[in-house]
Amino acid sequence: MVLKAFFPTCCTLADSGLLVGRWIPEQSSAVVLAVVHFPFIPIQVKELLAQVQQASQVGLVVLGTWCHHKQEPEESLGHFLEGLGTIFSHEPWLQLCWEKGSKFWSCKATHQQSSTIPGVPIEDHVMLIFYDQRKVLLSYLHPPTVLPDCQAGDATASAEGLAAIFDTVSRSEALFCKNQFDEDPVRLSHWQSEGLEASILVELAKKASGPVCLLVACLLSLVSAASACRLWKLWPLPFIASKFSTCEQLRHRFEHLTLVFSTQKARGPAQLMRKANMLVSLLLDVALGLTLLSWLHSSNRIGQLADALIPMADHVAEELQHLLQWLMGAPAGLKMNRALDQVLGRFFLYHIHLWISYIHLMSPFIERILWHVGLSACLGLTVALSILSDILALLTFHIYCFYVYGARLYCLKIYGLSSLWRLFRGKKWNVLRQRVDSCSYDLDQLFVGTLLFTILIFLLPTTALYYLVFTLLRLLVVTVQGLIHLLVDLINSLPLYSLGLRLCRPYRLAAGVKFRVLEHEAGRPLRLMMQINPLPYSNVVHTYRLPTCGCHPKHSWGSLCRKLFFGELIYPWKQKGDKQD
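The rules behind each value
- Residues numbered from 1 in each chain as written.
- Predicted model: local features only at pLDDT ≥ 70, side-chain atom pairs only at ≥ 80, totals over all residues.
- Heavy atoms only, no water.
- Buried < 20%, exposed > 50% of the residue type's maximum accessible area, 1.4 Å probe, protein only.
- Helix = DSSP H or I, 4+ residues; strand = E, 2+ residues; numbered from the N terminus.
- Pairing = 2+ DSSP bridges.
- Axes fitted to C-alpha atoms, helices over the stretch in contact; angles between N-to-C directions.
- Parallel < 35°, antiparallel > 145°, perpendicular 65-115°, else oblique.
- Left-handed = near helix turned anticlockwise from the far one by under 90°.
- Contact = heavy atoms within 4.5 Å.
- Nonpolar A, V, L, I, M, F, W, Y, C, P; charged D, E, K, R; others polar.
- pLDDT = per-residue confidence, 0-100.
- Salt bridge = Lys/Arg side-chain N within 4 Å of Asp/Glu carboxyl O.

A.B. asks: Can you help me understand the pairing of strand β6 (residues 105–111) in this one?
C.D. replies: For a regular strand, side-chain orientation follows a simple rule: the groups alternate between the two sheet faces. Of all seven residues that make up β6, five are buried, and the element is covered over most of its length. Here strand β5 (residues 93–98) pairs with β6 via six bridges, running antiparallel. By the bridge assignment, Trp98 is partnered in β6 with Trp105. Relative to strand β7 (residues 122–131), β6 runs antiparallel, the two being bridged by three bridges. Along β7, the bridge assignment pairs His111 with Ile122.

A.B. asks: I tried to follow the packing of helix α16 (residues 496–504) against helix α17 (residues 537–544) on my own but got confused; where do I start?
C.D. replies: Here α16 crosses α17 at 150 degrees, and the two axes come no closer than 9 Å. Between α16 and α17, the interaxial angle falls into the category roughly antiparallel. Here the hand of the crossing between α16 and α17 comes out right-handed. Here α16 contributes Ser498, Leu499, Arg502 and Leu503 to the contact with α17, which in turn contributes Tyr537, Val540, Val541 and Tyr544. Taken together, the residues of the contact of α16 with α17 break down into six nonpolar, one polar and one charged.

A.B. asks: I keep staring at the confidence of the model for the protein and nothing clicks. Help me out?
C.D. replies: In regions of low pLDDT, the predicted coordinates are not meant to be interpreted in detail. In the predicted model, the protein carries a mean pLDDT of 81, and the fraction of residues at 70 or more is 86%. Confidence, expressed as mean pLDDT per element, reaches its minimum in the protein at helix α2 (residues 75–87) with 59 and its maximum at α16 with 92. Within the model, the stretch residues 145–157 combines pLDDT values under 50 with nine contacts to residues more than four positions away or in other chains. Across residues 573–581, confidence stays below pLDDT 50; counting only partners more than four residues off in sequence or on other chains, it has 25 contacts.

A.B. asks: Looking at this structure, how should I read the pattern of salt bridges?
C.D. replies: Applying the stated criterion across every chain yields a total of six salt bridges. A salt bridge links Glu248 to Arg251, with the shortest nitrogen-to-oxygen separation between them at 2.9 Å. Placement of both Glu248 and Arg251 in helix α8 (residues 245–260) is noted, with a separation of three residues, approximately one turn of the helix. Its relative accessible area of 14% is what places Glu248 among the buried residues. For Arg251, a relative accessible area of 39% translates into the label partly exposed. Among the charged side chains, a network of salt bridges with common partners joins Arg562, Lys563 and Glu568.

This is the structure we're talking about:
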């Protein structure tokens, strides 16, 4: 049997002593965590292991002995190391030794109780695997479910073995708190044996995080209580709030703040990473918002935007008037129904006149409105972009009305023509059974149906042309709003902390390990170096991507074309829980 011994690289220069770690019988693996130096008292070593085991819930035992020959080995030391197996009974008993002035190692694993011949122990082959204890402790091994390239079976089994090793090291932090500068009688060598790594700023942040989280949580609870007031639930306030993306973005950021500043401790690395990603996303959002705010309030750019907004709205209205006048004539040489063409054209021209009057009525307040909108950028760039999307929707509300009028009229004619076409074929739509059934019609019904079909088929080109033009204008506005929403979703959902961690410390996000051969000679134990494979960037984004505030329906091109052909209204930015008309 081949036994795998995982040995930390930080202990290769440690003095001789005992190997302390965990034995994993399912994998025939021994994970060495630290080296206990001479001199020591066995009962004190056992007490230390019992304390660490109670704190970490990891079964720590003495796995064997470690001998580092800095000088010629003494015969008494060799006999002493051999006699330790009777004090700390463990099967198998590891004996690792680094020979003086040589790169070769001596590794043995003996079984005393399993030997069939008394006094002659059984020896197993040992595969020595070195690992960086600090990187393994700080890394988080991702399960194979987040790695699409992994196959089931062997990949799952190997992932379970690696998970046991990573879990053993990560849960043994209580052991790593002991170093050689402590006054304890037991001296250890591990990755922090030279002293605990610490930073004054980090320690101050840890001390201040508790009170800050408690204070912010209290403020958020007050805001939540104020928002739960019945006054805000009176109609039509909930309806209006559901239609503005600014309200949805504020609600989304409020949920982020509640989770980030929660006083409850994260239950695992995944939830901790999620909190860190949300915190970095909030900080970046506010930083970008403050940058936008400083840019808007410098050189009186808000006044310049206000002065340019009214002429721009007048120009858009004039272009729409020219477009409607072109449609009321003979557009592209097409012969339209003049009566219907004049009615639709004058109806839309009247709406444009109302819209121009509304814009000029609001012109004295435009600069003040833009000033308050710019001031809201201190809440974050996403809030400012959401307000910009809402302002764009309000400024183009007349285009939306034109699109709805044209779509409803076109849809009515399409469904009317389809019903009359079924009448000619002796069919009808069964509303109860939701299917087309056969039906017999008399002569009067067929005559009236023929007249209505003729009227609708000759009025359809005029209606279809208006519907096509206003649908293209609506799609143009929706495209601009879509770009704004994509930018907001990018800031909301991009896991910036995870990406920065992957860039600066790739070992923190582990997708697996690879082994590099250090020594492979006949008669010598195989020595390998375990190196961590970082998680690919695409998997980092896929695994730690934050949820967005909107639930955008993913229409296929076929579904979109079908909706456009039948005149159904398109809502590309629907929120969760909304219903389409």
